[in-house]
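Reading the structure
One-letter residues, chain by chain:
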Amino acid sequence: MKVIDHIKNAKGKTLFSIEILPPLKGENIRSLFDNLDPLMEFKPPFIDVTYHREEYVYKKKEGGLLEKTATRKRPGTVGICAAIQNHYKIDTVPHIICGGFSREETENALIDLHFLGIDNVLALQGDAIKSEGRFAPESDGHRFASELLGQIVGMNKGKFLDEDLGNASPTNFCVGVAGYPEKHFAAPNLKADLKYLKLKVDMGAEYIVTQMFFDNKKYVDFVTQCREAGIQVPIIPGIKPITTKSQANVLPTIFHIDLPTELTDEVEKCKDNAAVKQVGIEWAVQQSKELIKFGVPTLHFYSMGKSDPIYKIGKELF
Ligand SMILES: Cc1cc2nc3c(=O)[nH]c(=O)nc-3n(C[C@H](O)[C@H](O)[C@H](O)COP(=O)(O)OP(=O)(O)OC[C@H]3O[C@@H](n4cnc5c(N)ncnc54)[C@H](O)[C@@H]3O)c2cc1C
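So, how was this worked out
Residues numbered from 1 in each chain as written. Predicted model: local features only at pLDDT ≥ 70, side-chain atom pairs only at ≥ 80, totals over all residues. Heavy atoms only, no water. Near = heavy atom within 4 Å. Polar contact = N/O pair within 3.5 Å; in protein donor to acceptor, adjacent residues only side chain to side chain. Helix = DSSP H or I, 4+ residues; strand = E, 2+ residues; numbered from the N terminus. Nonpolar A, V, L, I, M, F, W, Y, C, P; charged D, E, K, R; others polar. Phe/Tyr/Trp six-rings, centres within 6.5 Å; stacked < 30°, edge-to-face > 60°. Buried < 20%, exposed > 50% of the residue type's maximum accessible area, 1.4 Å probe, protein only. Lys NZ or Arg CZ within 6 Å of the ring centre and 35° of its normal. Salt bridge = Lys/Arg side-chain N within 4 Å of Asp/Glu carboxyl O. Contact = heavy atoms within 4.5 Å. Core = buried A, V, L, I, M, F, W, Y, C linked by side-chain atoms within 4.5 Å. Axes fitted to C-alpha atoms, helices over the stretch in contact; angles between N-to-C directions. Parallel < 35°, antiparallel > 145°, perpendicular 65-115°, else oblique. Left-handed = near helix turned anticlockwise from the far one by under 90°. Pairing = 2+ DSSP bridges.

1. Section: the site of the ligand
For the ligand, the set of nearby residues contains 24 residues, the closest of which are Tyr51, Tyr180, His184, Asp193 and Lys200. Interatomic distance of 2.7 Å between a side-chain N/O atom of His184 and an oxygen atom of the ligand. Breaking the shell around the ligand down by element, the ones donating at least two residues are strand 5 (91–97), strand 6 (120–124), helix 6 (190–203) and strand 8 (207–212). Here the shell around the ligand gets 3 residues from one element, more than from any other, and that element is helix 6. Across the shell around the ligand, the residue classes break down as 14 nonpolar, 6 polar and 4 charged.

This is the structure:
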């Protein structure tokens, strides 16, 4: 079932959803299920699974020479989605990225998802390769999420790359896209960013999932500005409980977001990470309670591979 239909069927009640990462290469899928099992209590109607492209690693060869090799540390997005749908009978939302894919590889990946009965995708530009710092598309790939979205929407109308395909059976994906309450780091200003967000919605994106934020005012202002810009689709807030002291610096570095002083003051006072985790849980619960009052369609928790804090938050809310 489509994410947008889950939201419609909830008739204004806030849903619980999560984003998970595929396990590191070599890990067992059982550990992922062990992590997810407790969260089933909150009846997530859908689970997002991130996509991680290749990284470059340098291996020392005989004679001291370094060999550069590409490796994907977290493969398996499609397999995990299919396994979750099979095991829990819950819809999944694989993240589909522009980076590393030609248009044909994108088409083939979407055909696989369609055959597996996956009805949803989140269309993204994707992170840059870690060592490269800047996003670069494949020569025959997409640069922006809107271009990728165009391909998916085209396939939903039976339009495949091979124009000679007559009577092609259309796919039927519900497509979500990303939005940034604190602006995407590469956008010159929020207004410019919103222009391209609106483009994605005008092209057929049916909902938006936000980058994590720790100050609800940023989300509320973002929703207001989206509505003023004519973006009317549901805007799902992304919530991440802070769990370690180092995240107070790491999260702003990676995700280009601010942490409120009140929160960082509390984190600084903590003697260890167990205390930080507690602060993070309480902050996320408070944020979530306010967001439910605001009427958000879904609370979307970034688990980053650890369900324990999300379980404690869910217990307070659902
Ligand atoms: C909810 C969520 C989930 C994510 N999941 C993943 C994941 O699984 N894997 C992963 O690798 N990354 C993931 N990311 C990270 C994301 O891929 C990066 O933030 C990326 O830099 C931007 O992706 P986007 O889809 O928002 O890009 P886009 O919408 O393409 O926007 C990228 C930038 O280009 C600008 N822009 C957009 N269109 C145009 C245009 N036509 N002309 C000029 N400028 C334009 C935008 O303003 C923005 O600054 C996720 C992010 C979020 C918020």
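2. A few points about the packing of aromatic side chains
Enumeration according to the criterion identifies 8 aromatic pairs in this entry. Centroid distance Phe16 to Phe318: 5.5 Å. Interplanar angle 75°. Geometry classified as edge-to-face. One end of the pair, Phe16, is in strand 1 (residues 15–20); the other, Phe318, is in the segment after helix 11 (308–317), and 302 residues separate them in sequence. With relative accessibility at 1%, the residue Phe16 sits in the buried group. Taken together, a centroid distance of 5.3 Å and an interplanar angle of 15° make the contact between Phe213 and Tyr219 stacked. Clustering of aromatic rings is evident, with ring pairs tying together Phe16, Phe42, Phe301, Tyr311 and Phe318. Across the ring face of Tyr56, the terminal group of Lys68 is positioned such that the distance to the ring centre comes to 4.3 Å.

3. Things to note about the pattern of salt bridges
In this structure the tally under the stated criterion is 15 salt bridges. Across the salt bridge formed by Glu41 and Lys315, the nearest N and O atoms sit 2.6 Å from each other. Of this pair, Glu41 sits in the loop between helix 2 (29–36) and strand 2 (46–49) while Lys315 sits in helix 11, and the two are 274 residues apart along the sequence. For Lys315, a relative accessible area of 48% translates into the label partly exposed.

4. Observations concerning the side chain of His6
Secondary-structure assignment places His6 in helix 1 (residues 3–9). Assessed through its relative accessible area of 13%, His6 is described here as buried. Separated by 3.5 Å, the side chain of His6 and the backbone oxygen of Pro45 make a polar contact. With sequence-adjacent residues up to four places away left out, His6 is seen in contact with Met1, Leu15, Pro45 and Asp91.

5. With respect to the nonpolar core
The tendency in soluble globular proteins is for nonpolar side chains to be buried as a group. With 58 residues, the main nonpolar core has Ile18, Ile20, Leu36, Ile84 and Phe301 as its most contacted residues. Take this core: its biggest share by element is 5 residues, from helix 5 (residues 145–156). Not counting chain neighbours up to four residues away, the residues in contact with Phe301 comprise Phe16, Ser17, Ile18, Glu19, Ile239, Ser288, Ile310, Ile313 and Leu317. Listed in part, the 31 residues of the second largest apolar core include Val3, Ala109, Leu259 and Cys270.

6. Side note on the packing of helix 10 (residues 273–294) against helix 11
At a minimum axis separation of 9 Å, helix 10 and helix 11 run at an interaxial angle of 40°. With respect to helix 11, the axis of helix 10 lies oblique. For the pair helix 10 and helix 11, the crossing hand works out as right-handed. Between helix 10, through Lys277, Ile281, Ala284, Val285, Ser288, Lys289 and Ile292, and helix 11, the contact on the second element is made entirely by Asp308, Pro309, Lys312, Ile313, Glu316 and Leu317. Of the residues belonging to the contact of helix 10 with helix 11, the class tally is 7 nonpolar, 1 polar and 5 charged.

7. Points about the packing of helix 5 against helix 6
At a closest axis distance of 9 Å, the pairing of helix 5 and helix 6 adopts a crossing angle of 0°. Of the possible angle classes, the one that applies to helix 5 and helix 6 is roughly parallel. Between helix 5 and helix 6, the contacting residues are Ala145, Ser146, Leu149, Gly150 and Val153 on the first element and Leu199, Lys200 and Met203 on the second. Looking at the contact of helix 5 with helix 6 residue by residue, the class counts come to 5 nonpolar, 2 polar and 1 charged.

8. Some remarks on the sheet that holds strand 5
Spatial ordering of the closed barrel is given by 1-2-5-6-7-8-9-10, a layout of 8 strands whose pairing is parallel. The mean angle between the axes of side-by-side strands here comes to 30°, regardless of whether they run parallel or antiparallel. Of the strand pairs in this sheet, strand 1 and strand 10 (residues 298–302) are connected by 5 bridges, and their pairing is parallel. Looking at strand 10, one finds that Ser17 is bridged to His300. Set on the sheet, helix 5 makes contact with strand 5, strand 6 and strand 7 (174–179); between it and strand 6 the angle comes to about 145°.

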